[in-house]
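Structural overview for review
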Amino acid sequence: MKSHHLLKTIATHNVRELLFSSSSSSSSSSSNPSVLIDEFINLCHRRDLSRAMEAMNSLQRHGIQADAVTYSELIKCCVAHRAIEQGRAVHKHISSNGHAPQTFLNNVILNMYVKFNLLDDAGNVFDEMPERNVVSWTTMISAYSNNKFDREALGLLVMMQREGVRPNMFTFSSVLRVCDGLETLRQLHSGIVKFGLDSDVFVRSALIDVYAKWGELDDGFCVFKEMVTGDLIVWNSIIGGFAQNGRGEEALDLFKMMRSAGLPANQASLTSVLRACTGLALLELGRQVHAHLLKLESDLILNNALLDMYCKCGSLEDANIVFKRMLERDVISWSTMIAGLAQNGQTMEALELFESMKSLGPTPNYITMVGVLFACSHAGLVDDGWYYFRSMKRLFDVDPGREHYGCMVDLLGRAGKLDDAIRFILKMQCQPDITIWRILLGACRVHRNLDLAIFVGKKILELEPEDEGTYILLSNIYANSQRWEDVAAVRKIMDGRGLKKEPGCSWIEFNKKVHAFMIGDKLHPEIDEIIMKMNLLMRRLMEVGYVPDTNFVLHDLEGEQKEDALQYHSEKLAIVFGLINVPTEKPVRIIKNLRICCDCHTFAKLISMIENRHIVIRDPVRFHHFRNGVCSCGDYW
DNA sequence: TTCCAACCAC
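Going by what an unreviewed UniProt entry lists, chain A is known as DYW domain-containing protein and is assigned to Stephania cephalantha. Per UniProt, chain A has the following entry under Sequence similarities (unreviewed entry): "Belongs to the PPR family. PCMP-H subfamily."

1. A few points about the overall build of chain A
Within chain A, the secondary structure is distributed over 33 helices and 6 strands. Reported as C-alpha extents along the three principal axes, the dimensions of chain A are approximately 105 × 50 × 50 Å. Looking at chain A residue by residue over its 637 residues, the buried ones come to 50%. Considering only contacts within chain A whose residues lie at least 6 apart along the sequence, 63% involve residues at least 24 apart. Entry remark: accessible area of chain A is about 31200 Å², with carbon and sulfur atoms responsible for 54%. With 70 positive and 77 negative side-chain charges, chain A shows a separation of 2 Å between the mean positions of the two kinds.

2. Considering the packing of aromatic side chains
Per the counting criterion, the structure on display carries 20 aromatic pairs. A centroid spacing of 6.0 Å and a plane angle of 75° characterise the contact between F354 and F396, whose relative ring orientation is edge-to-face. Of this pair, F354 sits in helix α21 (residues 347-360) while F396 is found in helix α23 (residues 382-396), placing the two residues 42 residues apart along the sequence. Exposure class is identical for F354 and F396. Each is buried. Against the face of F126 rests R132, its NZ or CZ located 4.8 Å from the ring centre.

3. Observations concerning the sheet that holds strand β5 (residues 623-627)
Pairing within the open sheet is mixed, and its 6 strands lie in the order β2-β1-β3-β4-β5-β6. The outermost strands of the open sheet, each flanked by one partner alone, are β2 (513-518) and β6 (630-631). By the bridge criterion, 4 bridges tie strand β4 (residues 615-618) to β5 in an arrangement that is antiparallel. Looking at the pairing, R618 lines up with F623 of β5.

4. A look at the packing of helix α14 (residues 232-244) against helix α15 (residues 248-260)
Between α14 and α15, whose axes approach to 7 Å, the crossing angle comes to 160°. Judged by the inter-axis angle, α14 sits roughly antiparallel to α15. Relative to α15, the crossing made by α14 is left-handed. Residues L232, W235, N236, I238, I239, F242 and A243 of α14 lie in contact with α15, whose contacting residues are G248, E250, A251, L254, F255, M257 and M258. Counted by class, the contact of α14 with α15 contains 11 nonpolar, 2 polar and 1 charged residues.

5. Here we look at the UniProt feature "repeat: PPR" (unreviewed entry) in chain A
Under the UniProt annotation, the feature "repeat: PPR" (unreviewed entry) is placed at residues 67-101, 133-167, 231-265, 299-329 and 330-364. Taken end to end, residues 133-167 has its terminal C-alpha atoms 10 Å apart, with 74% of it in helix and 0% in strand. A helix fraction of 74% and a strand fraction of 0% characterise residues 231-265, whose end C-alpha atoms lie 11 Å from each other.

6. What about helix α27 (residues 450-463)?
Across its 14 residues, α27 extends 20 Å between first and last C-alpha, which sits within 8% of the 20 Å expected from 1.5 Å per residue. Of the residues making up α27, those classed as buried are L450, L452, A453, V456, G457, I460 and L461. One face of α27 carries all of its buried residues, which in axial projection span an arc of 160°. Across α27 from its buried face, at more than 90 degrees, point the exposed residues D451, K458 and E462. Summarising the contacts, the buried residues of α27 are in contact with α25 (418-427), α26 (434-446) and α28 (468-480).

Conventions used here
- Residues numbered from 1 in each chain as written.
- Chains lettered and ligands numbered in written order.
- Predicted model: local features only at pLDDT ≥ 70, side-chain atom pairs only at ≥ 80, totals over all residues.
- Heavy atoms only, no water.
- UniProt positions renumbered as here; feature names shortened; annotations may be inferred.
- Helix = DSSP H or I, 4+ residues; strand = E, 2+ residues; numbered from the N terminus.
- Buried < 20%, exposed > 50% of the residue type's maximum accessible area, 1.4 Å probe, protein only.
- Contact = heavy atoms within 4.5 Å.
- Areas by Shrake-Rupley, 256 points an atom, 1.4 Å probe, with all protein chains shown as cover.
- Lys, Arg positive; Asp, Glu negative; His and termini not counted.
- Charge placed at Lys NZ, Arg CZ, Asp CG, Glu CD.
- Phe/Tyr/Trp six-rings, centres within 6.5 Å; stacked < 30°, edge-to-face > 60°.
- Lys NZ or Arg CZ within 6 Å of the ring centre and 35° of its normal.
- Pairing = 2+ DSSP bridges.
- Axes fitted to C-alpha atoms, helices over the stretch in contact; angles between N-to-C directions.
- Parallel < 35°, antiparallel > 145°, perpendicular 65-115°, else oblique.
- Left-handed = near helix turned anticlockwise from the far one by under 90°.
- Nonpolar A, V, L, I, M, F, W, Y, C, P; charged D, E, K, R; others polar.
- Expected span 1.5 Å × (residues − 1).
- Arc of directions from axis to C-beta.

See below:
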């Protein structure tokens, strides 16, 4: 299609050279109408904007018009040059004979205003068109959907059908992006089937994508499975859907299937694979992907995904190398790196990077500031946090939102300023949501404020009676205060509602396999060896002064039993597995689904000292790098 | 016309 057009242009050009070579500079002075119009047509097809405009003015003076195809070429040329005023002039010239242009040309004009993002002008053209075909409607719909006018876009889809115009695949792929919920999505889907468009790859990939965005990944998967496809983007849609929804294993499985079907991966596929690695903390797999990037290594999005993968897999060395090597860095690259440093306990480095971003990089945005405040809250930098929070509107025009409020409550709460945290919550611009209260409840636990915890816990359970995390946190807080009857009462409510604590799970990547451990796990093939080693280690730990911290044991157990439950926490099992198997010069990298408990934290610190190992634990929020008996979080998490 | 990147709590 494109090459055909190119040939046509070259052919026209050559003819033009033959016919007009001697008169090209003075031809606009000719007054012969047929010469004028030929000249105009040739200039338009050559996309010579300024001379075509001059020629058009001559035509205007003679009251002559060219054909629709010529004008469409000229308008495309205006769009390509982003020449708004010239575009308007062409539009005016075309309308000057008093007749409405034919639908095709009107669509081209409509499209021009849409490309210039002049929606009012586009709307006027659209309203005045005597006849509107599917292209006219679809152009308007995509204009609205690109500008997030969801209701208008959906409204037009209904109106076009009322006027008897059948939507096509273009229409649906545009409108799917603005669909405002599952209800609408299912209606659109049935419309797609009704019009027989459900085999179009554009429609299918958009459908899969939107199902995934509305959390109905399985419906998206059905769309995918309905028919075998060799279309890379349809594959990318479903792989991306799984990767973004925390279903990394399925994303990786599908990627393997795609590769064995003989499809080559592109940067979008690899970006999703990296995202899956990030979610699963598969550093080694991520490294392999990195090693295979080759000619894609300058792709910005892919590099950003790579950065995030290294940060979230706890390898800041690699992240720093990627960041430094990147030829192009956008606000996402900087924000990712700042948040990554903060999550890995390198608060000062994070804030320094933020300073250099201010002088060398793009303007920080909403998310950058979340990372900055996160850095402050996890390092106890109350004054800095206040400063950044108060100045972000003035300096970067960022209005504080839920995430910033959350960080501030976290900052004040963690620092033990619970009163300030409450005052802050009451003064917030928005209603405190469940997240804010949860953050405060976490702070109550750290600072053992039982009364406030009970108050906040009630607040949360009013908003979300099934919130198991809150029950767990409350029962932990009661356990801290030895209030075993209250612990039992909370447990009873949980049992009554059928709520269960999410079982703690830790995993470690070793020899291209993921080894997962649950509390008191007896299933792992090497469990006997692990327990033997654990007992040896425990003896040595006791000698250096380790005392099991039973505060976090939920059940109302006594003494030694409590210690037993602690001793087989999943992260301890995973650490010991790592000590046995991972070569001594390499870090032992563990991933956890829940936050690490105090006892395991102490355990890991001491192990890193007596075994002289680097241990890295990723919990759902941040990293702990243990070296020589010290943790990068500074015992503040 | 479709796919791919960063953020609070857990």
